[in-house]
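Listed below are the residues making up each chain.
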Amino acid sequence: MKKTMEQLLLKVEDLTIEFHDHDVPERVVNHLNMELRQGEILGIVGESGSGKSMTAMAIAGLLRRHDMKMQGKILFEGRELLHENREVLRQIQGNEIGIVFQEPMTSLNPVKRIGWQVEESLRIHRPEMEKEARNRRVIEVLENVELDNPQLVCKKYPHELSGGMRQRVMIASAMICEPKLLIADEPTTALDVTIQLQIVKLLQRLNQEKQMAVLFISHDLSLVKRLCHKIIVMHNGNMVETGATEEIFYHPKEEYTKELINAIPKLEKIS
């Protein structure tokens, strides 16, 4: 897979996340360092509880709990975000950093039509845009995520769409302001295998066309192999191994990485 050598977009330095809601603090991310360049797709893999989703949430600026302690730096285009105030983070979330979560039905409002929801980031981040221009942009982005008859989709409610269609709507919502970074946190987990592959191909195409960086969080190594340029393997909050996708899959150094790869079904390894 061709690897971009574009400019550095995201740099995480010594990120540590602890919960202090018990007698003994629980460290869920331990001194993590990583880099992501413009146009690059980085996968973070690991079992449940490895710290991969916590890392994604921290980068997205969505971890704000009184019982949580975070240390280190998250530099986005050189700006330090980890300790920024909510107002600054709101200007970045959905605008420069788009986010797609695992289960669309928990993110989509069940009583609002799809068109209204996809348009939401434009109303927040592009208040100068006229209504007609926003509508055109909604149709354009729904077409770009390969949804048939976007005018009809706009009029529907979430429960009227299939799981794959809802996930495409979430990607459209995340893409509407043309972010520089898309964080996809387990975006295919609730979908069947065929739809999973369609979503991965869609993310590949958007990455290539827009030169948008993607941070892809998953426990499914076969999907990560298809999509990502680089991989970080996490276990119990620690980065076990990192490197180019081919290196990780064909020349893993750490025993835990070897175990994960060996657990992939044989047919998926071949594909």
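Residues numbered from 1 in each chain as written. Predicted model: local features only at pLDDT ≥ 70, side-chain atom pairs only at ≥ 80, totals over all residues. Heavy atoms only, no water.

Visitor: Looking at this structure, how should I read the sheet that holds strand E4 (residues 68-76)?
Guide: Strands belonging to one sheet form pairs held by backbone hydrogen bonds; the direction of such a pair is parallel or antiparallel. In spatial order, the strands read E2-E1-E4-E5; together these 4 strands make up an open sheet with antiparallel pairing. Looking at the sheet topology across the chains shown, the edges are occupied by strand E2 (26-37) and strand E5 (79-80). Examined bridge by bridge, E4 and E5 share 2 bridges and lie antiparallel to one another. Each residue of the ladder has a partner; that of Phe76, found in E5, is Arg79. Contacting strand E1 (8-19), E2 and E4, helix H1 (residues 52-60) crosses the sheet at an angle of about 120 degrees to E1. (Pairing = 2+ DSSP bridges. Helix = DSSP H or I, 4+ residues; strand = E, 2+ residues; numbered from the N terminus. Contact = heavy atoms within 4.5 Å. Axes fitted to C-alpha atoms, helices over the stretch in contact; angles between N-to-C directions.)

Visitor: Explanation requested: the layout of surface pockets in the structure shown.
Guide: The method is simple in principle: a probe with the dimensions of a water molecule rolls over the atoms, and the space it marks as empty is what remains. Estimated volume of the largest pocket: approximately 660 Å³. Lining the largest pocket are 25 residues, with Gly94, Ile99, Phe101, Glu120 and Ser121 positioned closest to its centre. Put simply, the parts of the chain that give the lining of the largest pocket at least two residues each are helix H2 (86-92), strand E6 (97-100), helix H4 (114-118), helix H5 (120-125) and helix H8 (163-175). When the residues that make up the lining of the largest pocket are grouped by side-chain class, the tally is 11 nonpolar, 10 polar and 4 charged. (1 Å grid on protein atoms, 1.4 Å probe; cavity = no way out; pocket = protein on both sides within 12 Å on 5 of 7 lines; lining within 4 Å. Points joined across faces, edges and corners; volume = space filled by probe spheres on them. Nonpolar A, V, L, I, M, F, W, Y, C, P; charged D, E, K, R; others polar.)

Visitor: Got a minute to help me understand the pattern of salt bridges in this structure?
Guide: Pairing between side chains of opposite charge can happen when their charged atoms approach one another. Summed over the entire model, instances satisfying the criterion amount to 19 salt bridges. Its salt-bridge partner being Lys11, residue Glu13 comes within 3.5 Å of it at the nearest N-O pair. With a closest N to O distance of 3.2 Å, Arg90 and Glu87 form a salt bridge. One end of the pair is Arg90 and the other is Glu87, both in helix H2 and 3 residues apart, which spans about a single turn. Exposure remark for Arg90: the relative accessible area of 44% places this residue in the partly exposed category. Within this structure, Lys11, Glu13, Glu35 and Arg37 form a network of salt bridges that share partners. (Salt bridge = Lys/Arg side-chain N within 4 Å of Asp/Glu carboxyl O. Buried < 20%, exposed > 50% of the residue type's maximum accessible area, 1.4 Å probe, protein only.)

Visitor: It is not clear to me how the packing of H8 against helix H9 (residues 193-210) should be interpreted in this structure. Could you clarify?
Guide: Angle between the axes and distance between the axes: these two values describe a pair of packed helices. Two elements in contact, H8 and H9, have axes separated by 10 Å at closest approach and are oriented at 20 degrees. Between H8 and H9, the angle falls in the class roughly parallel. Here the hand of the crossing between H8 and H9 comes out right-handed. Counted together, Gly164, Gln167, Arg168, Ile171 and Met175 of H8 and Ile195, Gln198, Ile199, Leu202, Leu203, Leu206 and Lys210 of H9 form the full contact between these two elements. Of the residues contributing to the contact of H8 with H9, the split by class is 7 nonpolar, 3 polar and 2 charged. (Parallel < 35°, antiparallel > 145°, perpendicular 65-115°, else oblique. Left-handed = near helix turned anticlockwise from the far one by under 90°.)

Visitor: For this particular structure, what's the right way to read the pairing of strand E9 (residues 230-235)?
Guide: In regular strands, side chains alternate between the two faces of the sheet. Across the 6 residues of E9, 5 count as buried, placing the element largely inside the fold. Here strand E3 (residues 41-45) runs beside E9; their pairing, made up of 4 bridges, is parallel. Its bridge partner lying in E9, Ile44 is registered against Ile232. Pairing of E9 with strand E10 (residues 238-244), which is carried by 6 bridges, proceeds in the antiparallel orientation. Paired with Val233 across the strands is Glu241, a residue of E10. A loop of 2 residues connects E9 with E10, the two strands running antiparallel in sequence, and Asn236 in this loop sits at a positive phi of about 50 degrees.

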